[in-house]
Amino acid sequence: MADIDNKDQAEIDPADMEDVEDVEEEETGEDENSKARQLTVQMMQNPQILAALQERLDGLSGSPSGYIESLPKVVKRRINALKNLQVKCAHIEAKFYEEVHELERKYAALYQPLFDKRSDIVKAAYEPTDEECEWKENDEEELTDEMKEKAKLEEEKKDEEKEDPKGIPDFWLTVFRNVDLLSDMLQDHDEPILKHLQDIKVKFSDPGQPMSFTLEFLFEANDFFTNTVLTKTYKMRSEPDESDPFSFDGPEIMSCAGCTIDWTKGKNVTLKTIKKKQKHKGRGTVRTVTKTVPNDSFFNFFTPPEVPESGELDEDSEAVLAADFEIGHFIRERIVPRAVLYFTGEAIEDDDDDYDEEGEEADDEEGEEEADEENDPDYDPKKDAIVTKTSFMFY
């Protein structure tokens with residue numbers, strides 16, 4: 001066998017040997033690639049290495065390529081001219097949004113009679129006619145006359161068995177329950193109060209006055225407070241910031257102000273009473289102290305943090321105001337104009353349709369990232385809650 005092996009080796013063409021050597025080199029290269037991949041996986045599983053990589057990437061993100069700096073002085077001079085033109089564009093855009101606000105005020109007056117009638121129906125001040133109540137559902141076309149008549153009789157029978165309610169009970173409370181942004185603010189002790197909410201109106205600032213809008217929450221007489229209207233006013237600005245004109249992107253909410261709620265004694269749901277035991281250091285005696293502390297409630301919406309003249313806020317106040325601006329904007333833009341569709345849930349379905357599958361996947365990924373962050377012992381949720389600007393863009 002040894003002789004045969006030697007003979008075979010002697011007959012091997014040198015070119016074939018080269019091929020064999022090449023293959024061995026390729027195989028060796030594959031082994032090295034495999035080891036490199038394993039090393040990469042191990043590195044990516046190390047949180048310290050990942051953090052260092054992320055910091056490095058953050059440093060690179062948005063960094064200039066050096067192209068602008070390399071341009072001749074005469075070209076940089078022309079770029080400055082373009083920037084000056086851009087600033088003028090920002091000022092024209094600001095005027096455009098001011099006119100949009102005026103147009104919005106004009107059409108608000110046209111909408112209001114319809115909203116007033118909606119309110120009258122909700123609170124039983126007006127009973128709509130049969131013609132006003134006629135509504136053709138999309139699926140009715142497929143029903144036979146016999147089926148329609150049967151359905152009508154069954155509905156009338158159910159109505160006879162029930163008490164005749166006035167208006168549309170719990171209209172606004174149901175709207176609040178149906179909208180995640182608002183339902184997250186609701187507490188169990190808020191709901192009995194919101195059963196008395198009869199309407200929400202939007203009032204715009206008068207012509208010639210600084211841009212603002214006021215949300216008016218109209219309540220029927222109740223046992224919780226003596227106010228008939230609770231208000232929340234949002235002040236806006238539509239002009240570029242002189243220190244950073246290129247950041248202008250439409251009107252911004254700059255601040256907001258609530259109102260004083262005249263609570264009936266013992267009915268203030270924004271406060272709660274707790275009892276604490278205190279031990280005397282010297283005598284060792286124990287006493288019970290009663291303290292009043294803030295309580296979670298939707299009605300804290302009417303006492304937002306005040307923005308100081310300096311405009312600087314602590315992190316918690318910054319986060320609260322950012323959420324507040326979003327809520328105020330949403331109530332003005334979506335809830336008030338389309339209240340009945342949020343009551344029935346149809347507007348919620350339309351909102352969901354605005355997100356495509358790709359967006360949902362992105363949300364899932366964000367959720368996974370958030371879960372990972374929360375599992376991190378060094379994770380600080382307050383940092384993620386902060387919005388860097390105490391303003392909310394419109395349009």
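In case you missed it, the structure is sitting above this.
We now turn to the structure provided with this report. (Residues numbered from 1 in each chain as written. Predicted model: local features only at pLDDT ≥ 70, side-chain atom pairs only at ≥ 80, totals over all residues. Heavy atoms only, no water.)

**Comments concerning the environment of Gly167**
Definition in use: To qualify as a helix, a DSSP run of H or I must reach at least 4 residues; to qualify as a strand, a run of E must reach at least 2; elements of each kind are numbered from the N terminus. Residue exposure (1.4 Å probe, protein chains only): buried if accessible area is under 20% of the type maximum, exposed if over 50%, otherwise partly exposed. Residues count as neighbours in contact if any of their non-hydrogen atoms are within 4.5 Å of one another.
Here Gly167 is to be found in the loop between helix H7 (145-161) and helix H8 (171-178). Overall, Gly167 belongs to the partly exposed group, its relative accessible area being 30%. Measuring from C-alpha to C-alpha, the distance between Gly167 and Tyr126 comes to 8.1 Å, with 41 residues separating the pair along the chain. When near neighbours in sequence (up to four residues on either side) are disregarded, Gly167 contacts Ile121, Val122 and Ala124.

**A word on the sheet that holds strand S3 (residues 229-237)**
Cut-off, in case you're wondering: Strands were regarded as paired on the criterion that DSSP finds at least two bridges between them. To define axes, lines are fitted to C-alpha atoms, for helices over the stretch in contact only, and angles between the resulting N-to-C directions are given on a 0 to 180 degree scale.
One open sheet holds the four strands; their spatial order is S1-S2-S3-S4, and the pairing between them is antiparallel. Lying at the two open borders of the sheet, with one neighbouring strand each, are strand S1 (197-204) and strand S4 (252-257). The mean angle between the axes of side-by-side strands here comes to 20°, regardless of whether they run parallel or antiparallel. With five bridges connecting them, S3 and S4 associate as antiparallel partners.

**Points about the nonpolar core**
Our working rule: Put simply, buried Ala, Val, Leu, Ile, Met, Phe, Trp, Tyr and Cys residues joined by side-chain atoms within 4.5 Å make one nonpolar core.
The biggest cluster of nonpolar side chains holds 48 residues, and the ones touching the most others in it are Phe217, Phe298, Phe299, Phe301 and Ile331. With six residues, the single largest contributor to this core is helix H11 (residues 315-335). Ignoring sequence-local partners within four residues, the contact set of Phe298 consists of Phe176, Met185, Leu186, Asp190, Leu194 and Phe217.

**What to know about H8**
Most of H8 is tucked away: six of the eight residues are buried. Those residues of H8 that sit buried are Phe171, Trp172, Leu173, Thr174, Val175 and Phe176.

**Some thoughts on a negative patch on the surface**
Where we set the bar: Patches here are clusters of residues that have more than 30% relative accessible area and form no salt bridge, with a 9 Å joining cutoff for like charges and a 5 Å cutoff for nonpolar side chains (Val, Leu, Ile, Met, Phe, Trp, Tyr). Here, Shrake-Rupley sampling with a 1.4 Å probe gives the accessible areas, and only protein chains in the shown set may cover a residue. One speaks of a salt bridge when a side-chain nitrogen belonging to Lys or Arg is within 4 Å of a carboxyl oxygen belonging to Asp or Glu. Note on charges: Lys and Arg go in the positive column, Asp and Glu in the negative column, and His and the chain ends are not counted at all. Taken as the charge centre is NZ of Lys, CZ of Arg, CG of Asp or CD of Glu, depending on the residue.
Taken together, the side chains of Glu239, Asp241, Glu242 and Asp244 make up a negatively charged region of the molecular surface. Among the secondary structure elements, Glu242 is positioned in the loop between S3 and S4. Since its relative accessible area comes to 80%, Glu242 is described here as exposed.

**Topic: helix H5 (residues 73-122)**
Heads up, the rule is: Multiplying one less than the number of residues by 1.5 Å gives the expected span of a helix. The angle between axes fitted to the seven-residue stretch ending at a residue and the seven-residue stretch beginning at it gives the bend at that residue.
Taking 1.5 Å per residue, 50 residues should reach 74 Å; H5 reaches 69 Å between its end C-alpha atoms and fits that length. Of all bends in H5, the biggest is about 35°, found at Tyr111, and the proline Pro113 comes one to four residues later. Of all the residues in H5, the buried ones are Ala90, Ala94, Tyr97, His101, Arg105, Ala108, Gln112, Phe115, Arg118, Ser119 and Val122. Looking at the buried residues of H5, the elements they touch are H8, S1, strand S2 (212-219), S3 and helix H12 (339-344). Positive phi appears at Ala124, one or two residues downstream of H5, with a value of about 70°.

**Topic: the packing of aromatic side chains**
Using the following cut-off: Pairing of aromatic rings covers Phe, Tyr and the six-membered ring of Trp, with a centre-to-centre limit of 6.5 Å; geometry is then stacked below 30 degrees between planes, edge-to-face above 60, and tilted otherwise.
Under the defined criterion, the tally for this structure stands at 21 aromatic pairs. Aromatic side chains Tyr234 and Phe325 sit 6.4 Å apart centroid to centroid with 75° between the ring planes, which places their arrangement in the edge-to-face category. Of this pair, Tyr234 sits in strand S3 while Phe325 sits in helix H11, and the two are 91 residues apart along the sequence. Residue Tyr234 shares its accessibility class with Phe325, and that shared class is buried. Their ring planes at 90° and their centres at 6.0 Å tell us that Phe298 and Phe302 sit as a pair that is edge-to-face. There is no split in this pair, since Phe298 and Phe302 are both buried. An aromatic cluster is built from Phe176, Phe217, Phe219, Phe225, Trp263, Phe298, Phe299, Phe301 and Phe302, whose rings are joined through pairwise contacts.

**Things to note about the side chain of Ser205**
Along the chain, Ser205 falls in the loop between S1 and S2. Residues in contact with Ser205, not counting those within four places in the same chain, are His101, Arg105, Pro210, Met211 and Ser212.

**Here we look at the pattern of salt bridges**
If charged atoms from side chains of opposite charge come close, those side chains can pair. One pass over the full model with this rule turns up ten salt bridges. Here Glu132 and Lys117 are joined by a salt bridge, their closest N and O atoms 2.7 Å apart. Of this pair, Glu132 sits in helix H6 (residues 130-133) while Lys117 is found in helix H5, placing the two residues 15 residues apart along the sequence. When its relative accessible area of 39% is taken as the criterion, Glu132 is described as partly exposed. The partly exposed category is assigned to Lys117, whose relative accessible area is 36%. One salt bridge in this structure joins Arg332 and Glu333, with 3.2 Å as the shortest N-O distance. Look at Arg332 and you get buried, because its relative accessible area is 4%. Residues joined in a network through salt bridges with shared partners are Glu104, Arg332 and Glu333.

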